[in-house]
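Here's the letter readout for the chains.
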Amino acid sequence: MDETFVTLSINKFLNENNYEVIQCIPPGGQGGIYYSLKNNIIYPDIICLKDKILYIGENKTLFNESDERKLFELSKESNLFKESQKIIDNFLKSKNKPNEKIDDIKFFLGFSYESKKKSNIHINFVVGKDGKVILKN
């Protein structure tokens, strides 16, 4: 199982469960939406919206501690809510949908069931051999 399989499986799960996928970048893809984090630009693998909650995720084949730290650091950024609301506003406008204010931002890590580790601070999207996604906290 590779990172592309993990990313596309999670994207399929999100679509099937009524998330609005704003950005999904498989490995090697080009991202258009980014956040600034300590003078670095990061392009989350997946950004999606459901029930006024924005979800930001990173995917790898196996659990990745540096992605976990990156998302944790992003969660502490003082302008995260403001920047995220701009992303939502632009996305909804492009879809001719009414504006919606986000109530919360949550973070997730996506990885294969083969991973021995998981996050204790973010949502875990664990992808099975068959492409099914299991949420674990």
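No experiment lies behind these values; they were computed from the predicted model shown.

Calculation notes
- Residues numbered from 1 in each chain as written.
- Predicted model: local features only at pLDDT ≥ 70, side-chain atom pairs only at ≥ 80, totals over all residues.
- Heavy atoms only, no water.
- Helix = DSSP H or I, 4+ residues; strand = E, 2+ residues; numbered from the N terminus.
- Rg over C-alpha atoms; globule rule 2.2 N^0.38 Å.
- Buried < 20%, exposed > 50% of the residue type's maximum accessible area, 1.4 Å probe, protein only.
- Contact = heavy atoms within 4.5 Å.
- Areas by Shrake-Rupley, 256 points an atom, 1.4 Å probe, with all protein chains shown as cover.
- Lys, Arg positive; Asp, Glu negative; His and termini not counted.
- Charge placed at Lys NZ, Arg CZ, Asp CG, Glu CD.
- Pairing = 2+ DSSP bridges.
- Core = buried A, V, L, I, M, F, W, Y, C linked by side-chain atoms within 4.5 Å.
- Expected span 1.5 Å × (residues − 1).
- Arc of directions from axis to C-beta.

Details of the overall build of the chain
So, step 1. Secondary structure assignment for the chain yields 3 helices and 8 strands.
So, step 2. Its helices and strands taken in sequence order, the chain reads α-β-β-β-β-β-α-α-β-β-β from the N to the C terminus.
So, step 3. For the chain, the C-alpha radius of gyration of 14 Å lies close to 14 Å, the compact-globule estimate for 137 residues.
So, step 4. Overall size of the chain, expressed as C-alpha extent along the three principal axes, is 40 × 35 × 30 Å.
So, step 5. A burial count over the chain gives 44% of its 137 residues as buried.
So, step 6. Partitioning the intrachain contacts of the chain with sequence separation of at least 6 by distance along the chain shows that 55% fall at a separation of at least 24.
So, step 7. In the structure as shown, the chain presents an accessible area of about 7800 Å², 47% of it carried by carbon and sulfur atoms.
So, step 8. Taken together, the 21 basic and 19 acidic charged side chains of the chain have centroids lying 1 Å from each other.

A look at the pairing of strand β5 (residues 53-59)
So, step 1. Here β5 lies mainly inside the structure; 7 of its 7 residues are buried.
So, step 2. Bridging between strand β4 (residues 46-50) and β5 involves 5 bridges; their strand directions are antiparallel. Residue pairing across strands places Ile46 opposite Gly57, the latter belonging to β5.
So, step 3. Here β5 runs beside strand β6 (residues 104-112); their pairing, made up of 7 bridges, is parallel. Residue Asn59 lies in a different strand from β6, and its bridge partner there is Gly110.

A look at the nonpolar core
Note on soluble globular proteins: their nonpolar side chains tend to be buried together.
So, step 1. Core analysis: the biggest nonpolar cluster contains 22 residues, and Ile22, Tyr35, Leu54 and Ile56 have the highest contact counts within it.
So, step 2. Looking at this core, the elements that each hand over two or more residues are β2 (35-37), β4, β5, α2 (65-75), α3 (80-94) and β6.
So, step 3. Element by element, the count of residues in this core is highest for α3, at 5 residues.
So, step 4. In contact with Tyr35, not counting residues within four places along its chain, are Asn40, Ile41, Ile42, Pro44, Ile47, Leu54, Ile56, Leu74, Leu80, Glu83, Ser84 and Ile87.
So, step 5. Grouped together as the second largest cluster of nonpolar side chains are 15 residues, Val6, Ile10, Tyr19 and Phe108 included.

Concerning α3
So, step 1. Over its 15 residues, α3 runs 21 Å from end to end, which matches the ideal 21 Å to within 8%, given 1.5 Å per residue.
So, step 2. Among the residues of α3, those classed as buried are Leu80, Ser84, Gln85, Ile87, Ile88, Phe91 and Leu92. Projected down its long axis, α3 carries its buried residues within an arc of 160°, all on one side. Exposed positions of α3 whose direction lies more than 90 degrees from the buried face are Lys82, Asn90, Lys93 and Ser94.
So, step 3. For α3, the secondary structure elements touched by its buried residues are β1 (20-24), β2, β4, β5, α2 and β6.
So, step 4. Taken from the residues just after α3, Asn96 is the one with a positive phi, measuring 55°.

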